[in-house]
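Okay, here's what each chain looks like letter by letter:
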Amino acid sequence: MTTSSMALQGASSSLRSSSSFVHPWTHDVFLSFRGEDVRQKFISHLYHALYKRGINTYIDDKLERGDKISQALFQAIEGSMISIIVLSKNYAESRWCLNELLKILECMETVKQIVLPVFYDVDPSNVRHQKGSFGEAFAKLKDRFKGNEEVLKWEAALEKLANLSGVELKNYRKESEFIEEIIQWVNSRIVNQTTLSVAKYPVGIECRKRDIYQHLNIERNDIICIVGIFGTGGIGKTTISKDIYNQIYSQFEGSCFLKNVRETSKQAGGLIQLQNTLLFDILGTSLDVRDTDKGINVIKHRLCSKRVLLILDDVDELVQIEKLVGDRDWFGLGSRIIITTRDQRLLDNAKVDSKHEVMILDDSEALQLFSLHAVGKDEPSDEYVDLAKQVIQYAKGLPLALVVLGSDLKGKSTHQWKSALDKYKNIPNRDIQKVPLVSYEGLDNNEKEMFLDIACFFKGEPLANIMKIFDSCGFFPDDGMDRLRDKCLITIEGRYVRMHDLLQDMGREIVRLESPNEPGQRSRLFFHEDVRHVLEEGMGTNKVAGMIIEMPEGEEVIRLNSEAFVQMKRLRVLINRNASFSSGPNYLSNELRVLDWFEYPLQSLPPNFHGNKLIIFKMRGSFIKELSVIKFKNMTIMEFNDCNSLTKVPDLSSVQNLKELSVEMCTSLVEVHDSVGSLENLCELSFYGCSNLRIFPASLKLRSLRKLYLDDCSSLRSFPEIGCEMKSLTKLSLSCTAVEELPLSIGNLDRLDALFLHGCKNLKRLPINIILRLQHLTDLGIFGGCTNLVKKMGYDGQSILAIGSTRLEDEISSNEEQLQELVPPMNSSNGSSALQVLNRQNCFQSESNFFPISSFFTLFNSLTTLTILNLSGSEFISVPTSIKGLVALEMLYLSYCEKLEEILELPPNITLVEAQGCKSLERFPEVSRIMEFNGSHIRSLGIIDLSRCDKMHEKILNYKVPNPLLWKAGHYNATVLLENQISELGDEEFSEYEIVDRGDEELSEDEIVNRGHSIWRI
């Protein structure tokens, strides 16, 4: 993300009105601008860039404008999702432009249009106060309309607009970069405003959701409401909840539709994945939670003041609700939570406010839904009517069955319909879920193979992986997968392949019936008892093409028959999710495309196995020690996490198709072969937690790499040279490594947006002026535990900055001649130096010991992309006032900076300050302002976390203020929270603390400390 990305992320987007429909946008973007200033160049280029990206943009092409805006133009503004207002020097001289502005701000309130101010060679403060050249232009207009009430409206509108977060041209070196950033911002907003796909033909939804919607009580912001929806599989629970989500999501501060909860939670780390998805969708930032218990606290902490909409779809266990929703006070007042499930009792246990059963379609609705899928209209033609009515009798009002049957009969003759009816008559009424079997029988052999593989092994897996596996099996997936989708037997959601539970059950039943009494004669094994029987008794045959092993918790070890796999010559898929084996295999089929074996019990693979057809190779927690030379030329994914016997990653030069390589928590791993540094197609590379890793490729030439994780590789002392431009890499994590310096070639990572260096105790040098040129850097984690950073000049004259503790004076004094001014190249766009001058005198200040932390903030004032800064665990005493220059910074982490005494200034757009455990902290003026005036002058500030800050606790307890409504807490969490809503002070903010009254008096509801839309809790 480039300059001012934080400001872009915060651009105004108020909540939509509570209408019962999603506003029908006619345009994605409306451009408002002063033609004589910017039409020929900037607007022309911006419009062309928007057009090229497929963004539907309205631009008024009239070169001459009068004072009165046409009704058509007003309608264009009202119909635009986003308005981009380009504020140039002469913008305010135009009555036309200012009346456009009034209309746009009106739409921001009424239809919740998103507004982005673009400050084109003007300063926001000059717009806000109508000063400078911008003010001079406005003065000319005011002279023409003296005494006109419009003037006051224009002044107020300009002030309001300037207070919105926007983007400034001066922060970019090139206008093309400026435009590209606007395009990326627009793209993200369009995606965020895009509704969920509900149903091609939403028959019967409206009447079924009406009662649910009423019980949500959307108009009430003083409650938190939880609603449950239950019903049989295929009845339409997900469809209805999606439709409700689309209708109301824009009325909340954040929203998340958490789909496939049951399925995802069954996977390893599934609940953690769901927690991360929930947080990312609502907060818009990835927090990388790695433990469900921590995830609970993160959700509570981050969302307790937000009015959110959360839908948990397809829940089947109470623990899922407990880990994702827990108590109501996890979320802010006005929040709404919807849970869908097949189990009505689950909703009772979750203590929902109301529950609603989804009923089957009546005959009229069923006929309409079937007809729309079969013939494309509400009713079939006369010759098909009787046949259609017979079909729906067999579907029994189940929407899924009607959709599948209609899709299957589409385009067929009456004779073919009659033939299909004969098949339906053989399906007992109690087995209505088997109605889609007719669609399966209409598939060709390859399509059937793919359907059954998805039903047994690959439901919910990435489409790209499945396509590659099927292609290698000769199934022709390009056509076949389209056919499965056309028949509504699968769906593609994002990058993943989905299948309805009923269809999955049907597929697995087809496999079971291949040999009801002898599992070893079936094509696929998936039921744990059948798997155990085949593997322990050696009953496998040449018919077995795939096997997935998922044992219930507490199951005994599988005593593997030594010859168990010998007869399975056609085995293509072998997945062991969680079973333990008494011994390992002495044979594996060379037809394997997927080998995923949890806790593989041997140190090497069977001698017969060459794996030429292998595509996915995973060995989590295995005892594998030697891989020798791997020549699995088709392999795309290789994962060897928690393999504590593995000592070396071998030569992978023959595996040029590899896209993901994960070797995490392998504590015996010492060496990674140089070939890993030259894998052209590698996208993700992780050696997280490999504490003995010492030998790593000397150079990286990974043009496709997006993420590189070397966290906790505590023996790794050298970071490789970047041997080429790696434009795909966005995240680099080196936290808690022994790396001593970063190479100057890190400048080749010009798309890097996150760099983490926490706990790098051996780090001595940073090429800081190279890092400053990384225009997309938004998330920087540095300082905490980096005790060895010293300031030097590089041998080649490049500026090298060491940032260390205040105890470095002795080290530095011997190199005083090197403490010369660091003057980098000038910023071409505004002529200002990217780095400020450092000298010997300001290195150490006797009272606050600012060096080097003050220099750090001064240096980074020019890096206006930085949105997240983590300095937790650092040893500085004061956060220098120059931090206010980090204009893009949203989140500042200072946890457990135990020597920190004061935080005197904050950045202007900060949303979160986390300072828990700062036990020496006692001067924090912003907290004083909040306590005295019940509000902050920083509009964006949402949370200040001061838990376990003992001195601040004492100050808050003893604080004396003139405000008679200010209340004090005896036992409290000392977290200052800005909330949109609050019902009563007696509510517990966090479960382990109790908020008590002022003195001996009880606080009444009338004593709520309320300041308009902002309410603070301490």
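Residues numbered from 1 in each chain as written. Predicted model: local features only at pLDDT ≥ 70, side-chain atom pairs only at ≥ 80, totals over all residues. Heavy atoms only, no water.

1. A look at the overall build of the chain
Assigned secondary structure in the chain consists of 30 helices and 39 strands. With 1018 residues in all, the chain has 55% of them scored as buried. (Helix = DSSP H or I, 4+ residues; strand = E, 2+ residues; numbered from the N terminus. Buried < 20%, exposed > 50% of the residue type's maximum accessible area, 1.4 Å probe, protein only.)

2. Re the side chain of Arg498
Turning to its location among the elements, Arg498 is positioned in strand β13 (residues 496–498). When near neighbours in sequence (up to four residues on either side) are disregarded, Arg498 contacts Lys259, Asn260, Glu263, Gly460, Ile490, Thr491 and Glu493. (Contact = heavy atoms within 4.5 Å.)

3. Concerning the packing of aromatic side chains
Applying the stated rule across the entire model yields 20 aromatic pairs. Summarising the aromatic geometry, the rings of Phe457 and Phe458 are spaced 6.0 Å apart at their centres and angled 65° between planes, so their arrangement reads as edge-to-face. For Phe458, a relative accessible area of 4% corresponds to the buried category. On the basis of an interplanar angle of 85° and a centroid distance of 5.0 Å, the ring pair of Phe617 and Phe640 is categorised as edge-to-face. Of the two residues, Phe617 sits in strand β18 (residues 616–618) while Phe640 sits in the loop between β19 (637–639) and β20 (648–649), which places them 23 residues apart along the sequence. (Phe/Tyr/Trp six-rings, centres within 6.5 Å; stacked < 30°, edge-to-face > 60°.)

4. Comments concerning the nonpolar core
In terms of nonpolar packing, the biggest core is built from 116 residues, with Leu535, Phe565, Leu595 and Phe687 touching the most fellow members. Elements that contribute at least two residues to this core include exactly α25 (528–537), β15 (546–549), β17 (594–597), α26 (768–771), α29 (925–933) and α30 (950–957). Leave out the neighbours within four places in its chain, and Phe687 touches Val649, Leu661, Val663, Leu669, Val672, Leu693, Phe696, Tyr709, Leu710, Asp711 and Cys713. Core analysis: the next-biggest nonpolar cluster, separate from the first, contains 81 residues, Leu216, Leu387, Leu400 and Met450 among them. (Core = buried A, V, L, I, M, F, W, Y, C linked by side-chain atoms within 4.5 Å.)

5. What to know about the sheet that holds strand β11 (residues 354–357)
Hydrogen bonding along the main chain pairs the strands of a sheet, whether they run parallel or antiparallel. Strand order across the open sheet formed by five strands is β8-β9-β10-β7-β11, with parallel pairing between neighbours. The two strands at the open ends of the sheet, each matched to only one other strand, are β8 (254–258) and β11. Adjacent strand axes in the sheet meet at a mean angle of 15° when their direction is disregarded. Docked against the sheet, helix α9 (residues 205–216) engages β7 (225–230), β10 (336–341) and β11, running at close to 160° with respect to β7. (Pairing = 2+ DSSP bridges. Axes fitted to C-alpha atoms, helices over the stretch in contact; angles between N-to-C directions.)

6. A closer look at the pairing of β15
With burial as the criterion, each face of β15 is covered, one bearing Gly546 and Ile548 and the other bearing Met547 and Ile549. Pairing between strand β14 (residues 524–525) and β15: two bridges, direction parallel. Across the sheet, residue Arg524 finds its bridge partner in β15, namely Gly546. As for the winding sense of the linkage, the β-α-β connection from β14 through α25 to β15 is right-handed. In terms of strand pairing, β15 meets strand β16 (residues 573–576) through four bridges, oriented parallel. Counted as the bridge partner of Ile549 is Asn576 from β16. (Right-handed = clockwise from strand over helix to strand, strands pointing away.)

7. Description of the pairing of strand β4 (residues 80–87)
With respect to burial, β4 is a largely interior element, eight of its eight residues being buried. Inspection of the sheet shows strand β2 (residues 27–32) paired to β4 by five bridges, in the parallel sense. Residue pairing in the sheet places Leu31 in a bridge with Ile84 of β4. Bridge count between β4 and strand β5 (residues 114–119): six bridges; the pairing is parallel.

8. Quick look at the state of the cysteines
All chains considered together, the criterion is met by zero disulfides. Lacking any disulfide linkage, Cys643 is separated from the closest cysteine sulfur, that of Cys666, by 4.9 Å. (Disulfide = S-S within 2.5 Å.)

9. Quick look at helix α3 (residues 71–78)
Every buried residue of α3 is listed here: Leu73, Ala76 and Ile77. Each buried residue of α3 lies within a common arc of 100° when the element is viewed along its axis, so the set occupies one face. Looking at the buried residues of α3, the elements they touch are β2, β3 (57–58), β4 and α4 (95–110). (Arc of directions from axis to C-beta.)

10. Things to note about α9
Look at α9: 16 Å from first C-alpha to last across 12 residues, which is about the 16 Å you get at 1.5 Å a residue. Packed against the buried residues of α9 are β7, α10 (237–248), β10, β11 and α16 (363–375). (Expected span 1.5 Å × (residues − 1).)

11. Examining the environment of Leu369
The topology assignment puts Leu369 in helix α16. Residues Leu369 and Lys200, 169 residues apart in the sequence, show an inter-C-alpha distance of 9.8 Å. The contacts of Leu369, once residues within four sequence positions are left out, are Tyr201, Val203, Leu361, Pro399, Leu402 and Val403.

12. Overview of the side chain of Ser354
Along the chain, the position of Ser354 falls in strand β11. The class of Ser354 is buried, set by a relative accessible area of 11%. A polar contact is formed between the side chain of Ser354 and the side chain of His356, at a distance of 3.0 Å. (Polar contact = N/O pair within 3.5 Å; in protein donor to acceptor, adjacent residues only side chain to side chain.)

13. Thoughts on the confidence of the model for the chain
Of all residues in the chain, 81% attain a pLDDT of 70 or more, and the chain-wide mean is 80. Every residue in residues 790–853 scores below 50 in pLDDT, and together they form 123 contacts with partners more than four places removed in sequence or on other chains. With pLDDT under 50 throughout, residues 961–1018 is counted as low confidence; its partners more than four residues away or in other chains account for 136 contacts. (pLDDT = per-residue confidence, 0-100.)

14. Here we look at the packing of helix α17 (residues 382–395) against helix α19 (residues 414–424)
Running from N to C, α17 and α19 point in directions that differ by 20°, and their axes come no closer than 10 Å. Classed by the angle they form, the pair α17 and α19 counts as roughly parallel. For the pair α17 and α19, the crossing hand works out as left-handed. For the pair α17 and α19, the contacting residues are Glu383, Tyr384, Leu387, Ala388, Gln390, Val391 and Tyr394 in the first and Thr414, Trp417, Lys418, Leu421 and Tyr424 in the second. The residue inventory of the contact of α17 with α19, partitioned by class, reads eight nonpolar, two polar and two charged. (Parallel < 35°, antiparallel > 145°, perpendicular 65-115°, else oblique. Left-handed = near helix turned anticlockwise from the far one by under 90°. Nonpolar A, V, L, I, M, F, W, Y, C, P; charged D, E, K, R; others polar.)

15. What to know about the pattern of salt bridges
Within the structure shown, the criterion is met by 46 salt bridges. One salt bridge connects Arg220 with Asp222, and the closest N-O pair in it is separated by 3.0 Å. What makes Arg220 partly exposed here is its relative accessible area of 38%. The exposure class assigned to Asp222 is partly exposed, which follows from its relative accessible area of 42%. Across the salt bridge formed by Lys355 and Asp348, the nearest N and O atoms sit 2.6 Å from each other. Its relative accessible area of 31% is what places Lys355 among the partly exposed residues. (Salt bridge = Lys/Arg side-chain N within 4 Å of Asp/Glu carboxyl O.)

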